[in-house]
Amino acid sequence: MAVNLLDFDLEGLAAFCESLGEKKFRATQLFRWVHQKGADQFDDMSDLARSLRDKLKGNAEITALPVMTQHISADGTIKWLFDVGGGDAVETVFIPESDRGTLCISSQAGCAVGCRFCSTGHQGFSRNLKTWEILAQLWFAEHFLRKHLGVQERVISNVVMMGMGEPLQNYAALVPALRTMLDDHGYGLSRRRVTVSTSGVVPMMDRLKDDCPVALAVSLHAPTDVLRDNLVPLNKKYPLVELLSACKRYLERAPRDFITFEYCMLDGVNDSPEQARALLALVREADIPCKFNLIPFNPFPASGLLRSKNNVVQEFARILLDGGLVTTVRKTRGDDIDAACGQLAGDVKDRTNVSNRISKQRTIMLQQIGEQKNFN
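Here's a quick rundown of the structure. (Residues numbered from 1 in each chain as written. Predicted model: local features only at pLDDT ≥ 70, side-chain atom pairs only at ≥ 80, totals over all residues. Heavy atoms only, no water.)

**Brief notes about the overall build of the protein chain**
Heads up, the condition is: Secondary structure is summarised from DSSP: a helix means a run of H or I of at least four residues, a strand means a run of E of at least two, and numbering begins at the N terminus for each. The classification of residues rests on relative accessible area computed with a 1.4 Å probe and restricted to protein chains. Under 20% of the type maximum is buried, over 50% is exposed, and intermediate values are partly exposed. Reported accessibility uses the Shrake-Rupley method at a 1.4 Å probe radius. Residues are deemed covered only where the shown protein chains occlude them.
Across its full length, the protein chain holds 12 helices and 14 strands. The burial tally for the protein chain puts 53% of its 376 residues in the buried class. For the protein chain, the computed accessible surface area is about 16800 Å², with 50% contributed by carbon and sulfur atoms.

What follows is the structure, given as structure tokens:
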């Protein structure tokens, strides 16, 4: 059975080339063709020996995820829904800014953490994505965007693992994907510009620090264990004192000298001035250099929650700022295509609907193929 070359970091690809009787340096050439040039046909790899290309044709492939839908926002944000089989789909979002291009990538189909304010969590967990399925999102987006924008240079400068799923609960697939993103022969991204967002899987935070330290964002969302237990069920296993200790340990090897805390603003739940002051006290006691990113909540019926009012968010931010904490309010992007944080692909609300849409998409594709054959 052919292996998908998107499944390998450079070390893994070198081992694969050796298994074909090839020198290790061939892996670097192959890696560049796949990731830097976006090649998916071995015959296009002109500096590889014909004998190697023939071996690759019989043993390997470069296969992307099928694109179910693509939506482009008026503000330039692009959202893709990828078919990962079995009636599941994952979402990837590109967010352009004047000084960077950020890609938000999914790591799981669904999510097992079950945060109250997260649409994905309410749908439940289906499965972990494989390394190639994580990387395929970046591979497709980068090379699509170059063609779409008519440029040769790299478009995506930042990657955030903040899409569907808890990345650290898919650790074995995550780390090779991160290494490929960072590799100079791959995407050459800076460790400071690759961010893993976690709800607080403490043991895996410690492992990531040692194995592949990149920027870290932690979904905090509450200043007390009582409230966080309710909003982020994982807190019952790894309470705030353990989570904050892990954050401090992570900073020993982190590429940035601070942790980003994400805080979803929920009306009447976690947005009072008293709670802002409690947050200040919490991080001061833990002595953690940090910044806060306040996130306007995107309401959905199953949550029973509402978005905090703008003036409440601004007052909350002011208290943190006055207390000496760098604080930003995430501006919403791609609202017209439902690409904002916590939303899943527009009207796709559960895996049943996802499955129906995938089935419909495949039917349309088959009809189009049939029509094309008839035309020919």
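So much for the structure itself; the text now carries on.
**Some remarks on the side chain of His143**
Formally: The contact criterion used is simple: two residues touch if any of their non-hydrogen atoms lie within 4.5 Å.
You can see His143 is positioned in helix α5 (residues 131–149). By relative accessible area, which is 12% here, His143 ends up buried. The contacts of His143, once residues within four sequence positions are left out, are Val34, His35, Gln36, Lys37 and Gly38.

**Re the sheet that holds strand β4 (residues 78–85)**
Heads up, the rule is: Here, any two strands with at least 2 DSSP bridges between them count as paired. For helices, the fitted line uses only the C-alpha atoms of the stretch in contact; every axis is such a line through C-alpha atoms, and the angle between N-to-C directions lies from 0 to 180 degrees.
Read across the open sheet, the 10 strands follow the order β3-β4-β5-β6-β9-β10-β11-β12-β13-β14; overall the sheet is mixed. Each having just a single partner strand, β3 (67–72) and β14 (326–329) make up the two edges of the open sheet. Recorded for the sheet is a direction-independent mean angle of 20° between the axes of neighbouring strands. Relative to strand β9 (residues 158–161), strand β6 (residues 101–104) runs parallel, the two sharing three bridges. Within β9, the residue paired with Leu103 across the bridge is Val159. This element, helix α9 (residues 240–250), spans β11 (215–219) and β12 (259–265) of the sheet and lies at about 145° to β12.

**Focus: the nonpolar core**
Grouped burial of nonpolar side chains is what soluble globular proteins tend to show. What counts is decided by this rule: Buried Ala, Val, Leu, Ile, Met, Phe, Trp, Tyr and Cys residues that are joined via side-chain atoms within 4.5 Å together make up what is termed a nonpolar core.
Among the nonpolar cores identified, the biggest contains 113 residues, and Leu5, Leu30, Leu178, Met181, Phe261 and Phe292 are the most heavily contacted of them. With sequence-adjacent residues up to four places away left out, Leu5 is seen in contact with Leu13, Phe16, Leu30, Val34, Phe42, Ala60, Glu61 and Ile62.

**Remarks on the environment of Pro203**
Structurally, Pro203 is set in helix α7 (residues 202–211). Of the residues examined, Pro203 reaches a relative accessible area of 38% and is grouped as partly exposed. The spatial distance from the C-alpha of Pro203 to the C-alpha of Tyr238 is 9.3 Å, given a sequence separation of 35 residues.

**So, the packing of helix α1 (residues 10–19) against helix α2 (residues 25–36)**
For clarity, the threshold we go by: Should an angle fall under 35 degrees it is called roughly parallel, over 145 degrees roughly antiparallel, and 65 to 115 degrees roughly perpendicular, with every other angle called oblique. Helix crossings fall into two classes, left-handed where the near helix is turned counterclockwise from the far one by less than a right angle and right-handed where it is turned clockwise. When residues are sorted by character, Ala, Val, Leu, Ile, Met, Phe, Trp, Tyr, Cys and Pro go into the nonpolar class, Asp, Glu, Lys and Arg into the charged class, and all the rest, Gly among them, into the polar class.
For the pair α1 and α2, interaxial distance at closest approach is 8 Å and the crossing angle is 120°. Compared by their axis directions, α1 and α2 come out oblique. Regarding α1 and α2, the two cross each other, and that crossing is right-handed. The residues of α2 that touch α1, namely those facing Leu10, Leu13, Ala14 and Cys17, are Arg26, Ala27, Thr28, Leu30 and Phe31. A class-by-class count of the residues in the contact of α1 with α2 yields seven nonpolar, one polar and one charged.

**Considerations on the packing of aromatic side chains**
Selection criterion: Each aromatic pair joins two rings of Phe, Tyr and Trp (for Trp, the six-membered one) with centres within 6.5 Å, and gets the label stacked for planes under 30 degrees apart, edge-to-face for over 60, and tilted for any other angle. A ring has a charge above it when a Lys NZ or an Arg CZ is no more than 6 Å from the ring centre and no more than 35 degrees off the ring normal.
Scanning all chains against the criterion turns up eight aromatic pairs. Aromatic pair Phe8 and Phe16: ring centres 5.5 Å apart, planes at 25°, arrangement stacked. Taken as a pair, Phe8 and Phe16 share a single burial class, namely buried. Put simply, the rings of Trp80, Phe82, Phe140 and Phe144 touch in pairs and so form one group of aromatic residues. Over the ring of Trp33 we find Lys37; its NZ or CZ atom is 3.9 Å from the centre of that ring.

**Digging into the pairing of β3**
In this structure, β3 lies alongside β4, joined through five bridges in antiparallel fashion. Pairing of Thr69 across the sheet is with Leu81, part of β4. Following β3, the chain reverses through five residues before pairing antiparallel with β4; Gly76 in that reversal takes a positive phi of roughly 95°.

**Examining helix α6 (residues 171–182)**
Applied cut-off: Given a helix with a known number of residues, its expected span is that number minus one, times 1.5 Å.
The terminal C-alpha atoms of α6 lie 16 Å apart, and with 12 residues this matches the ideal 16 Å at 1.5 Å per residue to within 8%. With 10 of its 12 residues buried, α6 lies for the most part within the structure. Those residues of α6 that are buried are in contact with α2, α5, β9, β10 (194–198) and α7.

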